[in-house]
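Each chain is listed here by its residues.
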Amino acid sequence: MERLDERPFPPGEYDLVLVGSGPGGLQTAYSLARTGIPRCAVISRDPAPGGMFRRFPVYQRLISWTKPDAPFERGTREYEWYDHNSLVGDEREHQALAPEFMDRAFDVPARPEMEAALVEFAMRGGVRVRYGCEWLSTRRDDAGFVLETSDGEYRCRVCVFATGMTEPWVPPIPGLAAAPHYVAANAPERYQGKSVLIIGKRNSGFELAQGLLPWARRIVLASPRPVDTAMLAFSPLSIRYLSPYTEHIRGGTGSYVVDAAIERVERHADGYRIHASGTTWEGELELESDEVIAATGFRSPVRDLPSLGVAMVNDDRMPAQTPYWESISVPGIYFAGNVTQASPGLRKHGVTSSSGSVNGFRYNARVLAWHIAEKHFGVRPERRPLDGDEVVPFLLRELAHAPELWTQKGYLARVVDLDGADGIRDEGIVPLADFVDRDGGDACAVAVEYDADGTIIPVVYVRRDGHLVEHSLPPHPLTPSVPTSIARTWRHGWRRCSAHRLFHERADLFLFGGGQLRQRVVRRPHS
């Protein structure tokens, strides 16, 4: 990588402009560079790689784990199961970089360790960025888009925004604006001996509470929705932050987790008075607290994109996106990084994607890069041909080993396509929602999913003559940790199921016996 003071990509005309140098931007830039799109510019207002990890988490310790020593060698696909923080590269020296910087005091990196790993990825992977170039506004012209920046104008056919979810979001609660947001929280020792009320019970709220446990006299976490312990396995909330909750349910410790809607916050000379009403219990609550911190979440810094017609969702916090992370209302504008969580996927049984975390959106970025290359620039990735007798073993290996499927459960799938003229082809990793909804030829997709009881299961989707059938294979009791046993068990279960075989002599797709024939999977509404 060039030195940071050597600034590539001066203002001008490009095929594609990517904004952002956080993990989403770095992964997307790395992947785009390998598609062969001729003129891609990457710009960032930051002075160096890292994005949000240059500042957050405020109490320094991440929630996503990395095991420096795992059952698989670093740099293998299987090792990615155990490393949720490294970006993914095509060469060994670009892979599994996070463990190289961890001091092993925990199995989760500290914030500076994560930042160092991202800087190293950019350097080793040759990710070129024009740092210190801030995107200011956007407009459309006949040729595409014009991005006005602090350095000048960039014109492009396609733009990708990997600007993160970094702008504080505060709900319209009277008086809450007088309290600091999570981003402005003091060092933990500044709260020594104080009572602290934290509004919010998601990651940032529990992160603050966990950090304040050794210091604060009393901690109260309040928000309308209760902590659903039955859904923690599916939730972005890490159980690593739940010590304040366990202290609350044991009682008498000075930590309280309250299900209450905050109605107003009053600032007075000695602190705050908080008025709330119960949501899982009846009644009103009035609390006095020395400090209040709004851990109410973030929004994407989309600037003027809504004025171009970019539709927003979730209280206007995120842009609405297609399964391939394109704006649903302005073609040619794409998003990368943790804002891709706004592309909901199928949400079967209410399960969300992992797109809000590095371990999920790193795979989205790879898929996105090739999708853009093919759709907008005619650069089609090579599709590996498969013989008919290769298909079942290949798909079983993917079900047992593919980190994309295991991390993005029910969201990404491996697809094998059957074309009468082209034969059987491995179509690679694609968004499952796109495969289910698209009109296409005969094909088969496999995904790892949760069933209604929360059990991890392999699922096969087969489309033939325009009809789609979904078939669940048997689970394995050691599913998360013994991939070789998984493969053996699933292979056995496949043979025992009512399907006769996946491909016949000329690779004609079969339909699983007993499966319900349908055009598409019923989807839950996006909320």
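Because the structure is predicted, anything quoted here is derived from the model rather than measured.

J.: So what's going on with the sheet that holds strand 1 (residues 12-13)? Which residues, and what values?
T.: The strand order 1-6-5-4 describes an open sheet built from 4 strands, whose pairing is mixed. Every other strand in the sheet has two partners, leaving strand 1 and strand 4 (135-141) as the edge strands with one partner each. Pairing analysis gives 5 bridges linking strand 5 (residues 144-149) to strand 6 (residues 152-156), with the strands arranged antiparallel. Residue T149 lies in a different strand from strand 6, and its bridge partner there is G152.

J.: How would you explain the nonpolar core if you had to name every residue and give the values?
T.: In this structure, L147 and I333 are the most contacted members of the largest nonpolar core, which totals 131 residues. No other element matches helix 5 (residues 358-377), which puts 9 residues into this core. Residues within four places of L147 in sequence aside, it is in contact with V17, V19, W135, S137, T138, G152, E153, Y154, C156, C159 and F161. Counting 17 residues, the second largest nonpolar core, distinct from the first, contains V258, V265, A276 and V292.

J.: Can you explain the pattern of salt bridges? Please cite residues and give values.
T.: A full pass over the atoms with the stated rule returns 36 salt bridges. For R111, the salt bridge identified is with E115, shortest N-O distance 2.9 Å. Here R111 pairs with E115, and both are found in helix 2 (residues 111-124), just 4 residues apart, close to one helical turn. Note on R111: relative accessible area 12%, which makes it buried. A salt bridge links R303 to E134; its shortest N-O distance comes to 2.7 Å. Here R303, found in the loop between strand 15 (298-299) and strand 16 (312-313), pairs with E134, found in the loop between helix 2 and strand 4; they are 169 residues apart in sequence, far enough to count as distant. R303 sits in the partly exposed class, given a relative accessible area of 40%. With relative accessibility at 26%, the residue E134 sits in the partly exposed group. Residues participating in the shared-partner salt-bridge network are R77, E398, E404, R414 and D426.

J.: Hey, could you go over the sheet that holds strand 18 (residues 333-335) for me, with residue numbers and the actual values?
T.: Within the open sheet, the 4 strands sit side by side as 3-2-7-18. Their pairing is parallel. Strand pairing shows two members of the sheet lacking a second neighbour, strand 3 (40-43) and strand 18, which therefore form its edges. With direction set aside, neighbouring strand axes in the sheet form an average angle of 20°. Bridge analysis of strand 2 (residues 16-19) against strand 3 gives 4 bridges, and the strand direction is parallel. Residue pairing in the sheet places V17 in a bridge with A41 of strand 3. Against the sheet, helix 1 (residues 23-33) makes contact with strand 2, strand 3 and strand 7 (158-161), and its axis sits at roughly 155° relative to strand 2, the strand it touches most. The strands that helix 5 touches are strand 2, strand 7 and strand 18; relative to strand 18, the one it contacts most, it runs at about 170°.

J.: Residue-level account of the packing of helix 1 against helix 5, with values.
T.: As a packed pair, helix 1 and helix 5 sit with axes 8 Å apart at the nearest point and diverge in direction by 30°. Classified by the angle their axes make, helix 1 and helix 5 are roughly parallel. Two packed elements cross with a definite hand, and for helix 1 against helix 5 that hand is right-handed. Between helix 1, through P23, G24, Q27, T28, S31 and L32, and helix 5, the contact on the second element is made entirely by V358, F361, R362, A365, R366, L368 and A369.

J.: Describe in detail helix 6 (residues 391-401), supporting the description with residues and values.
T.: Burial analysis of helix 6 places 8 of its 11 residues in the buried class, the great majority of the element. Every buried residue belonging to helix 6 is among V391, F394, L395, L396, E398, L399, A400 and H401, and all of these are buried.

J.: Which residues make up the packing of aromatic side chains, and what values do they have?
T.: Under the counting rule described, the total for this entry stands at 12 aromatic pairs. Aromatic side chains W81 and W406 sit 4.8 Å apart centroid to centroid with 45° between the ring planes, which places their arrangement in the tilted category. Of the two residues, W81 sits in the loop between strand 3 and helix 2 while W406 sits in helix 7 (residues 403-407), which places them 325 residues apart along the sequence. Assigned by exposure class, W81 and W406 land together as buried. Through successive ring pairs, a cluster of aromatic residues spans F72, W81, Y82 and W406. R384 extends its terminal NZ or CZ atom over the ring of F394, reaching a point 5.2 Å from the ring centre. For R463, the ring lying beneath its charged end belongs to F435, and the centroid distance is 4.5 Å.

The rules behind each value
Residues numbered from 1 in each chain as written. Predicted model: local features only at pLDDT ≥ 70, side-chain atom pairs only at ≥ 80, totals over all residues. Heavy atoms only, no water. Pairing = 2+ DSSP bridges. Helix = DSSP H or I, 4+ residues; strand = E, 2+ residues; numbered from the N terminus. Core = buried A, V, L, I, M, F, W, Y, C linked by side-chain atoms within 4.5 Å. Buried < 20%, exposed > 50% of the residue type's maximum accessible area, 1.4 Å probe, protein only. Contact = heavy atoms within 4.5 Å. Salt bridge = Lys/Arg side-chain N within 4 Å of Asp/Glu carboxyl O. Axes fitted to C-alpha atoms, helices over the stretch in contact; angles between N-to-C directions. Parallel < 35°, antiparallel > 145°, perpendicular 65-115°, else oblique. Left-handed = near helix turned anticlockwise from the far one by under 90°. Phe/Tyr/Trp six-rings, centres within 6.5 Å; stacked < 30°, edge-to-face > 60°. Lys NZ or Arg CZ within 6 Å of the ring centre and 35° of its normal.

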